[in-house]
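# Topology and contacts: notes
As a plain string of letters, each chain reads:
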Amino acid sequence: MDFDEKVWALCRRIPRGKVTTYKEIALALGTKAYRRVGQALKRNPDAPHAPCHRVVASDGSLGGYCGKMNSWKKIALLRKEGVEVRKGKIEEFEKKTVISFSSSSS
DNA sequence: CGCTTGACACCGT
DNA sequence: AACGGTGCCAAGC
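A short tour of the structure in this document, coming up. (Residues numbered from 1 in each chain as written. Chains lettered and ligands numbered in written order. Predicted model: local features only at pLDDT ≥ 70, side-chain atom pairs only at ≥ 80, totals over all residues. Heavy atoms only, no water.)

### A few points about the protein's contact with DNA strand B
Here is the rule: Being near a molecule or strand, for a residue, means having at least one of its heavy atoms within 4 Å of it. Counting of polar contacts relies on pairs of N or O atoms within 3.5 Å, with two restrictions inside protein: one atom must be capable of donating a hydrogen and the other of accepting it, and residues adjacent in sequence are counted only when both atoms are side-chain atoms. Helix and strand assignments follow DSSP, with helices taken as H or I runs no shorter than four residues and strands as E runs no shorter than two, numbered in order from the N terminus.
In the neighbourhood of DNA strand B, 13 residues make up the surrounding shell, with Arg35, Leu41, Lys42, Ser58 and Tyr65 lying closest. Sugar plus phosphate, as a fraction of atoms of DNA strand B within 4 Å of the protein: 45%. Within the side chain of Tyr22, a nitrogen or oxygen atom sits 3.3 Å from a base nitrogen of DNA strand B. With respect to DNA strand B, the backbone of Gly38 contributes an N or O atom lying 3.4 Å from a base nitrogen. At the level of elements, helix H2 (22–29) and helix H3 (34–43) are the ones that each hand at least two residues to the surface near DNA strand B. Residue contributions to the surface near DNA strand B peak at six residues, all from H3.

See the structure below:
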């Protein structure tokens, strides 16, 4: 289980309608390399299996996974999940940011 | 081995 | 509030 794999694993653990920050993920893995998390998702070999779009920046913004592209389709998808996005920012971000989504399931 | 870069984060101005 | 600079950890050149 590499660091990156853990990241994708966490992403898949994120409940629908909720999001998490790179920071929390990194800390959850026991590190301070927020950037490593982002790169891990970027390299994401399991893209369709890892809802990286549920991972946002600490500001509540989409970050860079699509916020700079015209791939706002993902944003629309987030809204369908229950995550309201305003101008590229998460509504009620602080309330949707799930931290200890942990591995209690299964 | 050392410098630079990177889907970030935080403090200071 | 927006912009700039610095810190974090790892990978690439």
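### Here we look at the pattern of salt bridges
What counts here: We count a salt bridge whenever a side-chain nitrogen from Lys or Arg sits within 4 Å of a carboxyl oxygen from Asp or Glu. For the exposure calls, accessible area comes from a 1.4 Å probe over protein chains only, and a residue counts as buried if that area is under 20% of its type's maximum, exposed if over 50%, partly exposed in between.
Within this structure, the stated rule accounts for six salt bridges. Arg16 is the salt-bridge partner of Glu81, the closest N and O atoms lying 3.4 Å from each other. Of this pair, Glu81 sits in helix H4 (residues 72–81) while Arg16 sits in the loop between helix H1 (3–13) and strand E1 (20–21), and the two are 65 residues apart along the sequence. Notably, a salt bridge pairs Glu24 with Lys23, separated by 3.1 Å at the nearest N-O pair. According to the relative accessible area criterion, Glu24 is buried, its value standing at 19%. Residue classification places Lys23 among the partly exposed residues on the basis of a relative accessible area of 34%. Among the charged side chains, a network of salt bridges with common partners joins Arg16, Arg54 and Glu81.

### Observations concerning the protein's contact with DNA strand C
Defined as follows: Polar here means any residue other than Ala, Val, Leu, Ile, Met, Phe, Trp, Tyr, Cys and Pro, which are nonpolar, and Asp, Glu, Lys and Arg, which are charged; Gly is therefore polar.
DNA strand C sits among Thr31, Lys32, Ala33, Arg35 and Arg36. Here DNA strand C approaches the protein such that, of its atoms within 4 Å, sugar and phosphate make up 59%. Per-class residue counts for the surface near DNA strand C are one nonpolar, one polar and three charged.

### Concerning the environment of Trp72
Turning to its location among the elements, Trp72 is positioned in helix H4. Its relative accessible area of 42% is what places Trp72 among the partly exposed residues. Distance in space between the C-alpha atoms of Trp72 and Gly88 is 8.7 Å, their sequence separation being 16 residues.

### A few points about H3
As a reminder, the rule being used: As used here, the arc belongs to the directions running from the helix axis to the C-beta atoms. In this analysis, two residues are considered to be in contact whenever any of their non-hydrogen atoms come within 4.5 Å of each other.
Those residues of H3 not exposed but buried are Val37, Ala40 and Leu41. Axial view of H3: buried residues confined to an arc of 95°, hence all on one face. The exposed set on the far side of H3, more than 90 degrees from its buried face, consists of Arg35, Lys42 and Arg43. Buried-residue contacts for H3 involve H1, H2 and strand E2 (55–56).

Bear in mind that shape data such as this cannot, by itself, settle questions of function.
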